[in-house]
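# Fold and contact review
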Amino acid sequence: MKTIKHKELESWVNETAKLGQPDHVYWVDGTPAEKDRLTKRAIARGFVIPLDQEKYPGCYYSRSNINDVARTEHLTYICSKNKEDAGPTNNWMSPDEGYAKSKEILKGSMHGRTMYVIPFSMGPIGSPFSKIGVEITDSLYVVLNMLIMTRVGDRVLEQLGTDGAYTKCLHTRADLDVHHRFILHFPEDNTIVSTGSAYGGNALLGKKCLALRIASWQARQEKWLAEHMLILGVEKDGKTEYVVAAFPSACGKTNLAMLIPPEGLKGKNYKIWTLGDDIAWLRKGRDGRLWALNPEAGFFGVAPGTNSKTNPNAMKTMSKNTIFTNVLLGDDLSVWWEDGEGQPPASGVAWDGTPWKPGMKDSSGKPVLGAHPNSRFTSPANQCPSIAPNWEDPQGVPISAVIFGGRRERLAPLVFESFDWAHGVYVGATVASERTAAADGKVGEVRRDPMAMIPFCGYNMGDYFGHWLEMGREIPKPPKIFHVNWFRRDENRKFLWPGYGENLRVLEWILARCRGEGKAEKTPIGFVPAKDALDLSGLNISGSTVEKLLEVKPEDWVAELDGVKAFFDKFGKTLPKELWKQFEELKSRLQSKVAA
Ligand code: GTP
Ligand code: SPV
Ligand code: MN
């Protein structure tokens, strides 16, 4: 028997075991030997399948239930005492109801299984940014993923001491029935309860549940920010500048974070450093700037579309010690996905467990996908060739620019700069994006996704916007705020911008602006690059395409205002007056242009 110094933690674990009725309770210690043992057990139980170990050393395949392949936002709740504290963009359930519902599902749900207790740290152990969680789970898949995504084991218990604070993260697969699926957050109790799902953000509770929903609640109280952002460094002439960027799920964070400078900019000797691809925690530094740290230790990245042209660093990162979920499993124990690497295997099993062959069509003549569009790879961050040497610096890195973005076929130009922090908060608060496969819902539909946080903000977003405004007043030297859109299309729905590595050309302009350089043209929505301000050398792109990419049509932006107003109206009194002021100012800037 292990001696647990933290008595309150021990009694929570005991109580949960009484309720869940597992056959065994096992405390994860985080050693490599244990990882081997647990991996073997997962193989024996059929939870993971080893890939061809010569081609894919340390790599495993896993398939989740076909009704359990993406986050389920309609089953995700904030269980705050007051409904208002959850706000109009979150589902709300009373804490009493939340606990009662989940208790029913938990009762006996672990029977015949082992209950794993995973002490984990979000952020390097002991960093002033870091928070500790303990996940109880009956899923070995969750354990193996948590070992990659977070810092796990006895060293975390050591840090927790006899009475340290931690987030209770209780997970049971139960019967994986969607009727028993609830992702519940009790911010006032620093507690998460997740039932009936074994997929990604629903089950790896350190990620979206703790590091965003619970952390955002805490961040408001403790005056910092928990955001759905990548962190990257741009090095030139021996100096590195850092940016954070918030894009909605499956809108390019991992890709931007691992960017490789394009051929056309080779002469400038840029080097891009990856620090995080999904979540950033930001605090005011002693120097009065905003500093950022990635609380995760791994990447849970989208597989489809990833190949050695689009994201070579991701391909190298996942070449070993990786768990692949819901991609195509080749009969030769390879993995493959749409727009991936090379030819698909001659035959295999698709993400939904059915036999698959290249070129298969469904009854309506559409190609049958081998990999689910939201299939993923889980890889250790330190395997990334571009991982920054200082990515685990407990102090984080100083941020020069905050970038918001979305997936917009029309309207939003390639890049624009806000006028100041408050206007930047307005820009973030009004981000809209087309839905992707990362969550259940209609793909392609445009929805408001402020700061890419609509599924992840753990409290009333009206208050969240207020907190952002407040942070701007707290930080003497705030970063500049920008908006980008890599996804604008032409009449034939072809992307106008080549994207990926070429996005460095946009980062270059952004960083120049932060230094007070870089030429810009003032438009009603903000500053856009002046003609010739983007370095497009070596890029085969016509002048008229560039014009289209940077075009700001006031009449289109006026039309957008109705949607913004309807969105803001939902918040009633909690929406900061400053945002209405920004709205009115933008409206009059636009109207004077339309009239002219
Ligand atoms: P989450 O992990 O869900 O939060 O997603 P993410 O924001 O990290 O998205 P990711 O980088 O995985 O990209 C999602 C999809 O967008 C992939 O299919 C990419 O190929 C595609 N994508 C990424 N960057 C670009 C780009 O610059 N241009 C275009 N056209 N597509 C891109
Ligand atoms: C996202 O959906 O934004 C992800 C994947 O990063 S998940 O962990 O499922 O949230
Ligand atoms: Mn994400």
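Basis of the calculations
- Within each chain, residues carry numbers counting from 1 in the order of the written sequence.
- Ligands are numbered from 1 and chains lettered from A, in the order in which they are written.
- The predicted origin of the model limits local features to residues at a pLDDT of at least 70 and limits the giving and counting of side-chain atom pairs to 80 or more, whereas totals for whole chains, interfaces and linings rest on all residues.
- The basis for every side-chain value is the complete set of heavy atoms in the structure, and neither hydrogens nor water enter the calculation.
- Secondary structure elements follow DSSP: runs of H or I no shorter than four residues count as helices, runs of E no shorter than two count as strands, and numbering proceeds from the N terminus.
- Throughout, the radius of gyration refers to the C-alpha atoms, and the reference size of a globule is 2.2 Å times the residue count to the power 0.38.
- Exposed residues in this analysis have more than 50% of their type's maximum accessible area, buried residues have under 20%, and partly exposed residues fall in between, with area computed by a 1.4 Å probe over protein chains only.
- For each residue, the test is whether any non-hydrogen atom lies within 4 Å of the molecule or strand; if one does, the residue is near.
- Whenever two N or O atoms come within 3.5 Å, that pair is a polar contact, provided that in protein one can donate a hydrogen and the other can accept it, and provided that, for residues adjacent in sequence, both atoms are side-chain atoms.
- We get accessible surface area from the Shrake-Rupley algorithm with a probe of 1.4 Å; when it comes to residues, only the shown protein chains can shield them.
- Classes in brief: Ala, Val, Leu, Ile, Met, Phe, Trp, Tyr, Cys and Pro nonpolar; Asp, Glu, Lys and Arg charged; the others, Gly included, polar.
- Start and end points for every domain follow an automatic or database-based domain assignment.
- Pairs of strands are assigned from DSSP output, requiring at least two bridges between the strands.
- Here the expected span of a helix is defined as 1.5 Å times the quantity of residues minus one.
- What the arc describes is the spread of directions from the helix axis to the C-beta atoms.
- Take a side-chain nitrogen of Lys or Arg and a carboxyl oxygen of Asp or Glu: if they are within 4 Å of each other, that pair is a salt bridge.
- Only Phe, Tyr and Trp rings take part, Trp by its six-membered ring, and two of them pair if their centres are within 6.5 Å. Stacked means planes under 30 degrees apart, edge-to-face means over 60, and tilted covers everything else.
- We count a charge as sitting over a ring when the NZ of a lysine or the CZ of an arginine lies within 6 Å of the ring centre and within 35 degrees of the ring normal.

### Quick word on the overall build of the protein
Looking only at helices and strands, one finds 15 helices and 31 strands in the protein. Here the C-alpha radius of gyration of the protein, 24 Å, is about what a compact globule of 596 residues would show, namely 25 Å. Across its three principal axes, the protein shows a C-alpha extent of roughly 75 × 55 × 50 Å. Of all 596 residues assigned to the protein, the portion counted as buried reaches 60%.

### Side note on the site of ligand 2
Around ligand 2, the neighbouring residues are Arg 71, Gly 200, Gly 201, Lys 207, Lys 208, His 228, Ser 249, Asp 278, Phe 300, Arg 376, Ala 438 and Phe 456. In the environment of ligand 2, an oxygen atom lies 3.0 Å from a nitrogen or oxygen atom belonging to the side chain of Arg 71. Out of a free accessible area of 280 Å², ligand 2 has 98% covered by protein chains. When grouped by side-chain class, the residues that make up the shell around ligand 2 number three nonpolar, four polar and five charged.

### Some points on the site of ligand 1
Taken together, 22 residues sit near ligand 1, with Ala 250, Lys 253, Asn 255, Arg 376 and Tyr 500 positioned nearest. Lys 253 places a side-chain nitrogen or oxygen 2.8 Å from an oxygen atom of ligand 1. Across the complex, the protein chains shield 92% of the 660 Å² of accessible surface that ligand 1 would expose by itself. Taken together, the elements giving at least two residues each to the shell around ligand 1 come down to helix 8 (253-257) and strand 18 (298-302). Residue composition of the shell around ligand 1, grouped by class: ten nonpolar, eight polar and four charged. Counting the residues that make up the shell around ligand 1, at least three belong to each of domain 2 (227-294 + 391-595) and domain 3 (299-383).

### Observations concerning the pairing of strand 24 (residues 376-380)
Each regular strand carries side chains that alternate between the two faces of the sheet. For strand 24, a buried count of five out of five residues is recorded, marking the element as mostly surrounded by other parts of the structure. Taking every second residue as pointing to the same face, both faces of strand 24 are buried, with Arg 376, Thr 378 and Pro 380 on one and Phe 377 and Ser 379 on the other. Bridging between strand 19 (residues 323-325) and strand 24 involves three bridges; their strand directions are antiparallel. Opposite Ile 323, over in strand 24, you have Thr 378 as the bridge partner.

### Looking at helix 2 (residues 32-44)
With 13 residues, helix 2 should reach 18 Å at 1.5 Å per residue; the first-to-last C-alpha distance of 19 Å fits that figure. Turning to helix 2, its buried residues number three or more, namely Glu 34, Leu 38, Thr 39 and Ala 42. One side of helix 2 holds all its buried residues, which, seen down the axis, span an arc of 135°. Turned more than 90 degrees from where helix 2 packs its buried face, Pro 32, Lys 40 and Ala 44 sit exposed. The positive-phi residue at the C-terminal boundary of helix 2 is Gly 46, with phi of around 80°.

### Observations concerning the pairing of strand 14 (residues 239-246)
The buried fraction of strand 14 is high, at six of eight residues. Bridge count for strand 13 (residues 230-236) against strand 14 is seven bridges, and the pairing is antiparallel. Its bridge partner being in strand 14, Ile 231 is matched across the sheet by Val 244. In sequence, strand 13 turns back onto strand 14 through a hairpin of two residues, with Asp 237 there showing a positive phi of about 50°. Both strand 14 and strand 25 (residues 397-405) contribute to a ladder of five bridges, which runs parallel.

### Here's the deal with the pattern of salt bridges
One pass over the structure, following the stated rule, counts 38 salt bridges. In this structure, the salt-bridge partner of Arg 493 is Glu 409, at a minimum N-O distance of 3.0 Å. Residue Arg 493 is found in the loop between strand 29 (480-484) and helix 12 (504-514), and its partner Glu 409 is found in the loop between strand 25 and strand 26 (415-417); the two are separated by 84 residues along the sequence. Relative accessible area serves as the criterion here: at 15%, Glu 409 is assigned to the buried category. In this structure, Glu 585 and Lys 581 form a salt bridge, with 3.7 Å as the shortest nitrogen-oxygen distance. Of this pair, Glu 585 and Lys 581 both sit in helix 15 (residues 577-595), four residues apart, which is roughly one turn of that helix. For Lys 581, a relative accessible area of 43% gives the class partly exposed. Salt bridges here are not isolated pairs; linked through shared partners, they connect Lys 207, Lys 208, Lys 253, Asp 278 and Glu 296.

### A short note on the packing of aromatic side chains
Inspection of the entire model under this criterion finds 23 aromatic pairs. Ring centres of Tyr 26 and Tyr 116 lie 6.1 Å apart, and the angle between their planes is 75°; this geometry places the pair in the edge-to-face category. Here Tyr 116 lies in strand 6 (residues 114-122) and Tyr 26 lies in strand 1 (residues 24-27), a separation of 90 residues in the sequence. You can call Tyr 116 buried: its relative accessible area is 2%. For the ring pair Tyr 199 and Phe 300, a centre distance of 6.0 Å and an interplane angle of 55° mean the geometry is tilted. Linking Tyr 199 in the loop between strand 11 (191-195) and helix 6 (200-203) with Phe 300 in strand 18, this pair joins segments that are 101 residues apart in sequence. Using a relative accessible area of 6% as the deciding quantity, one classes Phe 300 as buried. By way of ring pairs, the aromatic residues Tyr 426, Tyr 459, Tyr 464, Phe 465, Phe 567, Phe 568, Phe 571, Trp 580 and Phe 583 are connected into one cluster. When the ring centre of Tyr 270 is taken as origin, the NZ or CZ atom of Lys 236, which lies over that ring, is 5.8 Å away. Positioned above the aromatic ring of Trp 273 is the side chain of Lys 271, whose terminal nitrogen or guanidinium carbon lies 4.5 Å from the ring centre.

Such coordinate-based values are descriptive only and should not be taken to indicate function.
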